[in-house]
Each structure stands twice: as structure tokens, then as C-alpha cells.
Amino acid sequence: MDSLRGQGGIQMLLTAEQEAGWIVSAARTAKLARMKQAKDEAEKEMEVYRSRLEEEYQTQISGTEQEAAAKRLEEETDGRIQNLKESSSKVSKEIVKMLIKYVTTTGA
């Protein structure tokens, strides 16, 4: 009878070991699935973050380029205004003389 009990106990141990193996296998599979899911989510988050940073960088670059273009345009405009002022100051004396001459000679 002890031998039957021993065989039954061994069979129970083998069955328990097999069930434990299945549980461990299922836990490993679940763990790997969770790790893969976490990795995928982290990659998505990184891509969103990278996209946001790239967009901010492009906005900053375009803003800097616009500021530089506006400054350059302002400098060119100021230069042209200065040239016009200098040209008009040189010519204004001659124009005044011409107008005075025209007014005095046509009226006489």
C-alpha cells in the first residue's frame, strides 16, 4: 500500500511540477508582452517628443530668419533714405536757383 501511495504522491508531484511549468511559461509570455508593449509606447512617446522639438526648432529658425530679413530690409531702407536726403540736399540749391530764375524771368 505504501508503494501505491508513493506512486500517487510522485504522480501528484509530477503534475504539480508540470502545472508550475505552465504557470511560469505563461508568466514569462505575459512579461515579454508587457515589455514589448512598454517599449512600443516609449517609442511612440519619443517620436511625439522628437516631432514637437523639431517643430519648435523649425519655428525658432524661421523666426530668426524673419528677424534677420526684417533687419536687413530696415538697414537697406535707411540707406536709401539717407542717399535720397544727400542727393536732394545737393540738388536743392540748384532747383531753388532755377525756380527763382524762372519766376523772375517769366514775370518780367
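Values in this document were obtained by computation on a predicted structure and should not be read as measured data.

J.: Describe the overall build of the chain, naming the residues involved and giving the relevant values.
T.: Across its full length, the chain holds one helix and zero strands. Relative to the 2.2 N^0.38 estimate, which gives 13 Å for 108 residues, the radius of gyration of the chain is 46 Å and therefore markedly larger than a compact globule would have. Principal axes of the C-alpha set define a box for the chain whose edges measure 155 × 20 × 5 Å. Burial status across the chain gives 0% buried among its 108 residues. Surface summary for the chain: the accessible area is close to 10,400 Å², and the carbon and sulfur share equals 60%. Averaging the positions of the 17 positive and the 19 negative side-chain charges in the chain gives two centres separated by 7 Å.

J.: Which residues make up the UniProt feature "coiled-coil region" (unreviewed entry) in the chain, and what values do they have?
T.: UniProt's entry tags residues 25-59 with the feature "coiled-coil region" (unreviewed entry), counted in the numbering of this structure. Segment residues 25-59 splits into 100% helix and 0% strand. End C-alpha atoms: 51 Å apart.

J.: For the pattern of salt bridges, give the residues involved together with the corresponding values.
T.: If you walk through the whole model with that rule in mind, you get four salt bridges. A salt bridge links Glu47 to Arg50; the shortest N-O distance between them is 3.2 Å. Linking Glu47 with Arg50, this pair stays in helix 1 (residues 2-107), spanning three residues, or about one helical turn. Between Arg52 and Glu56 there is a salt bridge, with the nearest N and O atoms lying 3.5 Å from each other. Of this pair, Arg52 and Glu56 both sit in helix 1, separated by four residues, roughly a single helical turn.

Rules and cut-offs
Residues numbered from 1 in each chain as written. Predicted model: local features only at pLDDT ≥ 70, side-chain atom pairs only at ≥ 80, totals over all residues. Heavy atoms only, no water. Helix = DSSP H or I, 4+ residues; strand = E, 2+ residues; numbered from the N terminus. Rg over C-alpha atoms; globule rule 2.2 N^0.38 Å. Buried < 20%, exposed > 50% of the residue type's maximum accessible area, 1.4 Å probe, protein only. Areas by Shrake-Rupley, 256 points an atom, 1.4 Å probe, with all protein chains shown as cover. Lys, Arg positive; Asp, Glu negative; His and termini not counted. Charge placed at Lys NZ, Arg CZ, Asp CG, Glu CD. UniProt positions renumbered as here; feature names shortened; annotations may be inferred. Salt bridge = Lys/Arg side-chain N within 4 Å of Asp/Glu carboxyl O.

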